[in-house]
Amino acid sequence: MTALKTCATRSERAPEMREMTDKDDSSKGAARPETKVVHLGRDPFDHHGFVNPPVYRGSTVLYKTLDAIKSRKQPYTYGRRATPTTRALEDAITDLEGGAVTILTSSGLGAVSTAMLAFVSAGDHILITDSAYQPGRAFADRMLKRLGVETTYYDPLAGADIAKLFRPNTRLVLVESPGSQTFEMQDIPAIAAAARARDIWVLADNTWATPLFCKPLALGADVSIQAATKYIVGHADAMLGAVTANARAARLLDHAKEALGTCPGSEETYLGLRGLRTLDVRLERHQKSALAVAEWLSSRPEVDRVLYPALPSDPGHTIWKRDYTGASGLFTAVLKPVSEQALAAFLDGLTLFGMGYSWGGYESLVIPFDPTSYRTATKWTGPGPALRFHIGLEAVEDLIRDLDAGFARLKAA
Ligand SMILES: *Cc1c(COP(=O)(O)O)cnc(C)c1O
């Protein structure tokens with residue numbers, strides 16, 4: 001497999017074994033991402049010509065000889081470390097993110113916490129964007145704090161000014177762009193340049209963009225995190241996470257995977273691989289429809305503002321245009337002040353938009369949120385309730401009709 005070449009840091013992957021498995025696969029010569037997602041991580045003629053690889057379930061891996069078990073020179077040594085199924089997805093994501101190694105986790109949150117834990121020691125100080133996915137904050141505030149790691153939250157608009165927050169013991173910066181729920185765009189190249197000058201690791205939660213729309217490692221980050229639960233799995237039917245590291249961060253990430261025994265289930269991994277095949281076409285539709293719905297919402301009298309970096313009016317639009325090649329289907333609309341009863345009339349009667357957490361599946365979703373309870377470095381200003389929308393693969397006309405009827409109910413309430 002072509003992608004195996006990039007994974008030289010895996011201890012169990014002896015050089016001679018990489019040669020052995022490094023035969024032509026169907027990804028060879030695949031340059032464009034839309035071609036890559038179709039071909040990476042599969043080699044039909046390894047499996048009797050079947051287009052999709054089988055799901056390997058397994059703990060024990062047998063060694064043929066005493067020499068083999070002593071040297072551990074075979075591609076697979078134990079189910080927890082790797083199976084052909086996990087490696088296929090790891091290598092595909094490594095290639096798409098442009099990294100050196102990828103580890104898979106059983107959830108996106110597991111990817112965030114494993115990635116942070118990989119790089120910190122007692123006595124360290126870390127910086128996390130105030131706009132980070134909230135459960136990741138809870139990991140820092142509860143567990144990392146107990147382990148002697150101190151966290152400072154920073155304004156997502158800090159850019160190069162982040163250097164002002166560096167201390168002699170600052171070890172890592174966790175960026176997430178655009179921010180969870182509030183969609184602030186961060187200047188990742190400026191943050192990464194400041195951090196690199198001080199040998200500080202930069203971790204980027206890249207879930208919103210996926211590696212198809214943003215490559216944080218190319219922007220200077222050391223690590224890119226995917227809640228694969230979202231767009232990679234893409235069908236709301238599995239939990240999965242992935243962490244990709246560049247060459248200098250690969251060893252510590254791999255140690256964390258081994259020490260923590262991190263490994264997702266085989267079915268979930270397979271669903272990640274399957275989701276990857278259609279990631280490009282799904283994202284294209286999510287983007288097109290999200291832009292249309294975001295523009296429609298912007299024009300509504302009930303809406304104060306729409307937070308979506310793909311909109312030219314969005315404060316993060318310039319950075320988004322510079323660093324990203326697309327926008328996914330997730331954005332926020334902030335309403336003008338309305339009563340709880342009117343908001344309930346809007347939300348409760350929606351027929352196509354489901355109310356629920358997570359996103360990235362084929363279906364449209366909406367949730368109300370209020371970040372004021374946990375943000376500490378920045379102040380969230382309404383004025384009205386905020387709604388986070390995920391625009392699914394339904395016809396955009398139908399989605400707009402659903403929302404239009406919602407606004408009629410809101411007005412009547
Ligand atoms: C959902 C999400 C996660 C967590 O993923 P799970 O698979 O739900 O644990 C992490 N980061 C971001 C940005 C997310 O949106």
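None of these values were measured; they are calculated from a predicted model.

What counts as what
- Residues numbered from 1 in each chain as written.
- Predicted model: local features only at pLDDT ≥ 70, side-chain atom pairs only at ≥ 80, totals over all residues.
- Heavy atoms only, no water.
- Helix = DSSP H or I, 4+ residues; strand = E, 2+ residues; numbered from the N terminus.
- Contact = heavy atoms within 4.5 Å.
- Phe/Tyr/Trp six-rings, centres within 6.5 Å; stacked < 30°, edge-to-face > 60°.
- Buried < 20%, exposed > 50% of the residue type's maximum accessible area, 1.4 Å probe, protein only.
- Lys NZ or Arg CZ within 6 Å of the ring centre and 35° of its normal.
- Axes fitted to C-alpha atoms, helices over the stretch in contact; angles between N-to-C directions.
- Parallel < 35°, antiparallel > 145°, perpendicular 65-115°, else oblique.
- Left-handed = near helix turned anticlockwise from the far one by under 90°.
- Nonpolar A, V, L, I, M, F, W, Y, C, P; charged D, E, K, R; others polar.
- 1 Å grid on protein atoms, 1.4 Å probe; cavity = no way out; pocket = protein on both sides within 12 Å on 5 of 7 lines; lining within 4 Å.
- Points joined across faces, edges and corners; volume = space filled by probe spheres on them.
- Domains from an automatic or database assignment.
- Buried area = accessible area lost by both parts, 1.4 Å probe.
- Salt bridge = Lys/Arg side-chain N within 4 Å of Asp/Glu carboxyl O.
- Polar contact = N/O pair within 3.5 Å; in protein donor to acceptor, adjacent residues only side chain to side chain.

Peer 1: How should I be thinking about the environment of Ile367 in this particular structure?
Peer 2: Mapped onto the elements of the fold, Ile367 is located in strand E11 (residues 365-369). Taking the C-alpha atoms as reference points, Ile367 and Tyr357, ten residues apart in sequence, are found 7.2 Å from one another. Each residue touching Ile367, except ones within four places of it in the same chain, is listed here: Gln181, Gly356, Tyr357, Ala386, Leu387 and Arg388.

Peer 1: Sorry if this is basic, but what is going on with the packing of aromatic side chains here?
Peer 2: Within a pair of aromatic rings, the relevant descriptors are the distance that separates the centres and the angle that separates the planes. Taken as a whole and judged by the stated rule, the model has nine aromatic pairs. Relative to Phe389, the ring of Phe331 has its centre 5.8 Å away and its plane inclined at 35 degrees; by these criteria the two rings are tilted. Here the residue Phe331 occupies a position in strand E9 (residues 330-335), and Phe389 occupies one in strand E12 (residues 386-390), the gap between them amounting to 58 residues. With centroids separated by 5.6 Å and ring planes inclined at 80 degrees, the aromatic side chains of Phe353 and Phe389 adopt a geometry described as edge-to-face. Of this pair, Phe353 sits in the loop between helix H13 (340-348) and strand E10 (354-355) while Phe389 sits in strand E12, and the two are 36 residues apart along the sequence. Among the residues examined, Phe353 registers a relative accessible area of 5% and is labelled buried. Taken together, the ring pairs in this structure connect Tyr308, Phe331, Phe353 and Phe389 into an aromatic cluster. Its guanidinium or amino end placed over the ring of Tyr153, Arg137 lies 3.8 Å from that ring's centre, counting from NZ or CZ. In this arrangement the basic side chain of Arg305 is found over the ring face of Trp380, its NZ or CZ atom lying 5.3 Å from the centre.

Peer 1: Explain the packing of helix H4 (residues 84-97) against helix H10 (residues 266-277) here, please?
Peer 2: Two packed helices can be described by the angle between their axes and the distance between those axes. Where H4 meets H10, the closest approach of the two axes is 9 Å, and the angle between their N-to-C directions is 40 degrees. When the axes of H4 and H10 are compared, the pair comes out oblique. When you trace H4 past H10, the crossing you get is left-handed. Two secondary-structure elements touch here, H4 through Thr85, Thr86, Ala88, Leu89, Ala92 and Leu96 and H10 through Ser266, Thr269, Tyr270, Gly272, Leu273 and Leu276. Tallied by class, residues from the contact of H4 with H10 come to seven nonpolar, five polar and no charged.

Peer 1: Explain the layout of surface pockets here, please?
Peer 2: It is the rolling of a water-molecule-sized probe over the atoms that shows where space remains empty. Quantified by volume, the largest pocket comes out at close to 550 Å³. As for the largest pocket, its lining consists of 30 residues, of which Tyr133, Ser180, Lys230, Trp359 and Arg388 are closest to the centre. When residues of the lining of the largest pocket are traced back to their parent elements, those giving at least two are helix H5 (108-119), helix H6 (134-146) and E11. For the lining of the largest pocket, the residue count by class is 17 nonpolar, nine polar and four charged. When we break the lining of the largest pocket down by domain, the ones giving at least three residues each are domain 1 (15-277) and domain 2 (280-412).

Peer 1: Which parts of the structure should I look at to understand the domain arrangement of the protein?
Peer 2: In many reports, interface size means the accessible area that the parts give up when they come together. Segmentation of the protein into domains returns domain 1 (15-277) and domain 2 (280-412). Here the C-alpha centroids of domain 1 and domain 2 sit 28 Å apart. The interface of domain 1 with domain 2 comprises 40 residues on the first partner and 39 residues on the second. Summing both partners gives a buried area of about 3300 Å² for domain 1 against domain 2, and 59% of it is carried by carbon and sulfur. Taken together, the links from domain 1 to domain 2 amount to two salt bridges. With a shortest N-O distance of 3.4 Å, Glu184 and Arg375 are connected by a salt bridge. Our enumeration of links across domain 1 and domain 2 arrives at 22 residue pairs in polar contact (both at pLDDT 80 or more). For the side of domain 1 that touches domain 2, the elements supplying multiple residues, two or more each, are helix H2 (33-39), H6, strand E3 (150-154), helix H7 (188-197), helix H8 (210-213) and H10. Sort the elements by how many residues they give to the side of domain 1 that touches domain 2 and H8 lands first, with three residues. A class-by-class count of the residues in the side of domain 1 that touches domain 2 yields 20 nonpolar, 13 polar and seven charged.

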